[in-house]
Amino acid sequence: MPRIDELLRQMKEQGASDLHLTSGSAPYMRVHGDMVKQNYKTVSAETCQGLIFEILTDKQKDLFNENWDLDLSYPLGGVGRFRVNVFMQRHGVSAVLRLIPEEIKTIRELDLPEQLASLIDASEGLVLVTGPTGSGKSTTLASLIHTINKEQHAHIITIEDPIEFVHENQNCLISQREIASHTKSFSAALRAALREDPDIILVGEMRDLETISLAITAAETGHLVFGTLHTNSAIKTIDRVIDVFPEGQQTQIRVMLSESLRGVVAQALLPRRDHQGRVPAVEILVNLPAVGNLIREGKTHQIANVMQTGRAHGMMTFENGVQELIRKGLISQEDGLSFLRRRSGGKQLPNSPTPATRLTSPAIN
């Protein structure tokens, strides 16, 4: 049994999301968003490399020695599946292992807005899930795929680096492909997927122009495509997709995106009011005709006005989402307002409660 398995079991017992195993340091775990130093002695470079290399295949060791970075997945029975990144830093080989739960939760169990389900009730189009690293994008996507698997009859292809949540066939046939193990790259797998009779394609990360271009093409040609980007708002996501392309192609891409985009889900994780984990704050953009027109005309900065008035169509701003989490008692008013202030660059928020209002709020009594 690899020696690292014991640390991974302790990680689950503590409710940690990540284990940081670093040469020249004691191990750290991220618990409910905070880094917590473990009561271990400093791990030497030799010991750290030994712990990490025990879970690598010979091929993976060769890839790491060549590139000095490596992504892989590691299953541990009774605990879960781990997404692993191995890297070199100034003290030696190190790794971060993220726990991917064995059980895939539903939209409701994740405290996600119910209107997310409407985004998957489609036969074609592009759905983007965005947010910074560690914001729960993979968990949200897994929940959406899980819902489709239970309720529809389709062929789903996922392209991931590495495979995180494992889906068993229910009403759908699901083919999961991992970069480096089953295909050379996202773009190669996406190009091949168009010849593999899929109804739904999940692209784990839209990293480059070719992958983004192929994803838009797939959405235009009758597939429902899910993808992720590292942006912190729905509107910035649209700008990021367009800006990837050379200036001479951007007008064409605006037209294509205005027609193929189905919606954007941006999210962040906030601490629960009971300090037992974190809960997603979500922003949802639905591509209504008014939104499509603004994308086509290069007026994405005006989309915020449409989102403010589009709640009847499933739209949700971060302000709406945070207010709903406070109303349900899932987060504290202080944490919610702090998050919104950070997003606004520290500016005073409109309609912010006064201190007296906060003291009498039923959400925190």
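Rules of the game
Residues numbered from 1 in each chain as written. Predicted model: local features only at pLDDT ≥ 70, side-chain atom pairs only at ≥ 80, totals over all residues. Heavy atoms only, no water. Salt bridge = Lys/Arg side-chain N within 4 Å of Asp/Glu carboxyl O. Buried < 20%, exposed > 50% of the residue type's maximum accessible area, 1.4 Å probe, protein only. Helix = DSSP H or I, 4+ residues; strand = E, 2+ residues; numbered from the N terminus. Lys, Arg positive; Asp, Glu negative; His and termini not counted. Polar contact = N/O pair within 3.5 Å; in protein donor to acceptor, adjacent residues only side chain to side chain. Contact = heavy atoms within 4.5 Å. Pairing = 2+ DSSP bridges. Axes fitted to C-alpha atoms, helices over the stretch in contact; angles between N-to-C directions. Phe/Tyr/Trp six-rings, centres within 6.5 Å; stacked < 30°, edge-to-face > 60°.

Peer 1: How do you make sense of the pattern of salt bridges when you look at a structure like this?
Peer 2: A side chain with one charge can pair with a side chain of the opposite charge if their charged atoms come near. For the structure on display, the rule yields eleven salt bridges. The partner of Glu297 in a salt bridge is Lys299, with the nearest N and O atoms 3.6 Å apart. By relative accessible area, which is 35% here, Lys299 ends up partly exposed. Salt bridges sharing partners connect three or more residues here, namely Asp161, Glu205 and Arg207.

Peer 1: Explain the side chain of Glu283 here, please?
Peer 2: For Glu283, the position within the fold is in strand 13 (residues 278-286). Buried and unpaired, Glu283 has no salt bridge, with Arg343 as the nearest side chain of opposite charge at 4.5 Å. In terms of polar contacts, Glu283 uses its side chain to reach the backbone amide nitrogen of Ala234, at 2.9 Å. Beyond its immediate stretch of four places on either side in the chain, Glu283 contacts Ser233, Ala234, Val264, Val265, Ala266, Met307, Met316, Thr317, Phe318 and Arg343.

Peer 1: When you look at the environment of Asn149 in this model, what are you seeing that I'm missing?
Peer 2: Topologically, Asn149 is positioned in helix 4 (residues 137-151). Counting along the chain gives 36 residues from Asn149 to Ser185, while the straight-line C-alpha distance between them is 25 Å.

Peer 1: Looking at this structure, how should I read the pairing of strand 3 (residues 34-37)?
Peer 2: Residues in a regular strand project their side chains so that they alternate between the two faces of the sheet. Two elements, strand 2 (residues 28-31) and strand 3, share four bridges in a ladder whose sense is antiparallel. Bridge pairing links Arg30 to Met35 in strand 3.

Peer 1: Got a minute to help me understand the sheet that holds strand 6 (residues 92-100) in this structure?
Peer 2: Note on sheets: strands pair through backbone hydrogen bonds, and any given pair is parallel or antiparallel. Taken together, six strands build an open sheet; the order of strands is 3-2-1-6-5-4 and the sheet is antiparallel. Either end of the sheet is taken by a strand with one partner, and the two such strands are strand 3 and strand 4 (69-76). Strand after strand, the sheet turns through a mean of 25° between neighbouring axes, direction not considered. Contacting strand 1 (16-21), strand 2, strand 4, strand 5 (80-89) and strand 6, helix 1 (residues 4-13) runs over the sheet at an angle of about 150° to strand 1. Across the sheet, helix 3 (residues 58-67) is in contact with strand 4, strand 5 and strand 6; its angle to strand 4 comes to roughly 150°.

Peer 1: Would you take a moment to explain the side chain of Thr237 for this structure?
Peer 2: Mapping Thr237 onto the fold places it in helix 7 (residues 234-243). Classification of Thr237 by relative accessible area gives buried; the value is 0%. A polar contact is formed between the side chain of Thr237 and the side chain of Thr231, at a distance of 2.5 Å. For Thr237, the residues in contact, after removing those within four places along its chain, are Leu128, Thr130, Leu229, Thr231 and Val264.

Peer 1: Got a minute to help me understand helix 8 (residues 250-260) in this structure?
Peer 2: Every α-helical turn comprises 3.6 residues, leaving residues that sit three or four positions apart pointing alike. Taken as a whole, helix 8 has its buried residues at Gln250, Ile253, Arg254, Met256, Leu257, Ser258 and Ser260. Those residues of helix 8 that are buried lie in contact with strand 7 (125-130), helix 6 (209-220), helix 7, strand 12 (261-271) and helix 9 (289-296).

Peer 1: Help me understand the packing of aromatic side chains in this model?
Peer 2: When we look at a pair of aromatic rings, we describe it by the centre distance and by the angle of the planes. Inspection of every chain in the model, using the stated rule, returns two aromatic pairs. Each ring, one from Phe53 and one from Phe64, has its centre 6.0 Å from the other, and the planes form 90°; the classification is edge-to-face. With a gap of eleven residues between them, Phe53 in helix 2 (residues 45-53) and Phe64 in helix 3 connect regions that are remote in the sequence. Accessibility expressed as a relative area gives 1% for Phe64, which makes it buried.

Peer 1: Could you clarify how one ought to interpret the environment of Val86 in this entry?
Peer 2: If you trace the backbone, Val86 turns up in strand 5. Take Val86: its relative accessible area is 0%, and that puts it in the buried class. With 22 residues separating them along the chain, Val86 and Phe64 place their C-alpha atoms 7.7 Å apart.

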